[in-house]
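# Survey of secondary and tertiary structure
Here are the chains, one letter per residue:
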Amino acid sequence: MDQRPPPPSQKINFHVVSSDETLFAIAWRYEKDLEKLARANGLSPPYTIYRGQRLTLDTNRLPPLVSAPPPVKKQPKTATPPPSTEKKDSPPVKVAKPAPKLPESLPSVWRWQWPTQGRVVRYFNSSELFKGVDIESHSGQAVVAAAPGVVVYSGSGLRGYGELIIVKHSEEFLSAYAHSRRIFVKEGQVVKGGEKIAEVGGDPANSKRLYFEIRQKGKPVNPLNFLPRK
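As a starting point, this report considers the structure included with it. By convention here, each chain's residues receive numbers from 1 onward along its written sequence. Residue-level local features of this predicted model are given only where pLDDT is at least 70; pairs of side-chain atoms are given and counted only at 80 or more, and the full residue set underlies all totals for whole chains, interfaces and linings. For side-chain calculations, the full set of non-hydrogen atoms in the structure is used, while hydrogens and water are omitted.

## What about the layout of surface pockets?
Here the idea is plain: a probe the size of a water molecule rolls over the atoms and shows the empty space left. Only protein atoms enter the 1 Å grid, on which a cavity is a set of points fitting a 1.4 Å probe that cannot get out and a pocket is an open set with protein on both sides within 12 Å along at least 5 of 7 lines, lining residues being those with an atom within 4 Å of a point. Grid points are joined across faces, edges and corners, and a volume is the space filled by probe spheres set on the points. In this structure, the second largest pocket occupies an estimated 150 Å³ of space. Every residue lining the second largest pocket is listed: Glu31, Lys32, Asp33, Lys36, Thr59, Asn60, Lys217 and Lys219. The residue makeup of the lining of the second largest pocket, split by class, is no nonpolar, 2 polar and 6 charged. Gly is placed with the polar residues, together with every amino acid not listed as nonpolar (Ala, Val, Leu, Ile, Met, Phe, Trp, Tyr, Cys and Pro) or charged (Asp, Glu, Lys and Arg).

## Structural notes on unusual backbone geometry
The omega torsion across Pro45 and Pro46 is 10°, close enough to zero to call that bond cis. Each helix is a run of H or I in the DSSP string that is no shorter than four residues. Each strand is a run of E no shorter than two, and both are numbered from the N terminus. Examined against the element boundaries, Pro46 turns out to sit in the loop between helix 2 (34-40) and strand 2 (54-56). Located in the positive-phi region is His179, a residue other than glycine, with phi close to 65°. In this fold, His179 is placed in the loop between strand 8 (173-178) and strand 9 (180-183). Categorising residues by exposure relies on relative accessible area from a 1.4 Å probe, with only protein chains included: less than 20% of the type maximum marks a residue as buried, more than 50% marks it as exposed, and the intermediate range marks it as partly exposed. Classification of His179 by relative accessible area gives buried; the value is 9%. At Lys217, a position not held by glycine, the phi torsion is positive, near 55°. Mapped onto the elements of the fold, Lys217 is located in the loop between strand 12 (209-216) and strand 13 (219-221). The class of Lys217 is partly exposed, set by a relative accessible area of 45%.

## Comments concerning empty space enclosed by the protein
Scanning the entire structure with this criterion turns up 2 cavities of 30 Å³ or more. A volume near 90 Å³ is recorded for the largest cavity. Around the largest cavity, the lining comprises 13 residues; the ones closest to its centre are Asp33, Leu34, Glu35, Glu171 and Leu174. Taken together, the elements giving at least two residues each to the lining of the largest cavity come down to helix 2 and strand 8. Partitioned by chemical class, the residues of the lining of the largest cavity number 4 nonpolar, 2 polar and 7 charged.

## Notes on the packing of aromatic side chains
Here the aromatic set is Phe, Tyr and Trp, taking the six-membered ring for Trp, and pairing holds for ring centres within 6.5 Å; pairs whose planes are under 30 degrees apart are stacked, those over 60 apart are edge-to-face, and all others are tilted. Counted under the stated rule, the structure contains 8 aromatic pairs. Aromatic side chains Trp110 and Phe173 sit 6.3 Å apart centroid to centroid with 80° between the ring planes, which places their arrangement in the edge-to-face category. Residue Trp110 is located in the loop between strand 2 and strand 3 (119-122), and its partner Phe173 is located in strand 8; the two are separated by 63 residues in the primary sequence. Residue class for Phe173 comes out buried when judged on its relative accessible area of 11%. Of the aromatic side chains, those joined through ring pairs into one cluster are Trp110, Trp112, Phe173 and Phe226.

As structure tokens, then:
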């Protein structure tokens, strides 16, 4: 990532779902907390969304939580007319990717670790809209998961990140690894801390760098406040 304008959520208040999008990717793009975004749109796990669906991005005015309704007694079956044989003109709705679940097997206690070997050459600076760190390594160097988690995004659909991996570590933390040369994990895959997930070298302008972010409750935070000191 380079310096970039404020997240789109500050300019528009809704998003229209495209094919193969997940709610995780949409929440990441607009810097929104996943659970709040889901609640604002009346979604529950696994957060299934549909192509063409219009999602509100306003997470400031959330609807009240509603408890589950009591079970309804089964009514006697009544005869139903046979299904219509008429052809419908409207095309079928394609379901976007469901969001991967956070497995119960993940450790509840873990420590952050560096995602690759190298030195930081550009630092987090919220005032300059640089929301992570650039780590200078070398092309082909291993990129590892900075903590255990589940891969919730793997691909190049988010503009400005190149080949990107997003890992969910808990209900609070996510991490991102951008401009990879090769990716070795897929969405829904559980990874261990330190497990190789990609290789450095996907940025045509600088094949030696890895761009790394940590987000807490949807918002970018300074990775150096969490990574161990060198």
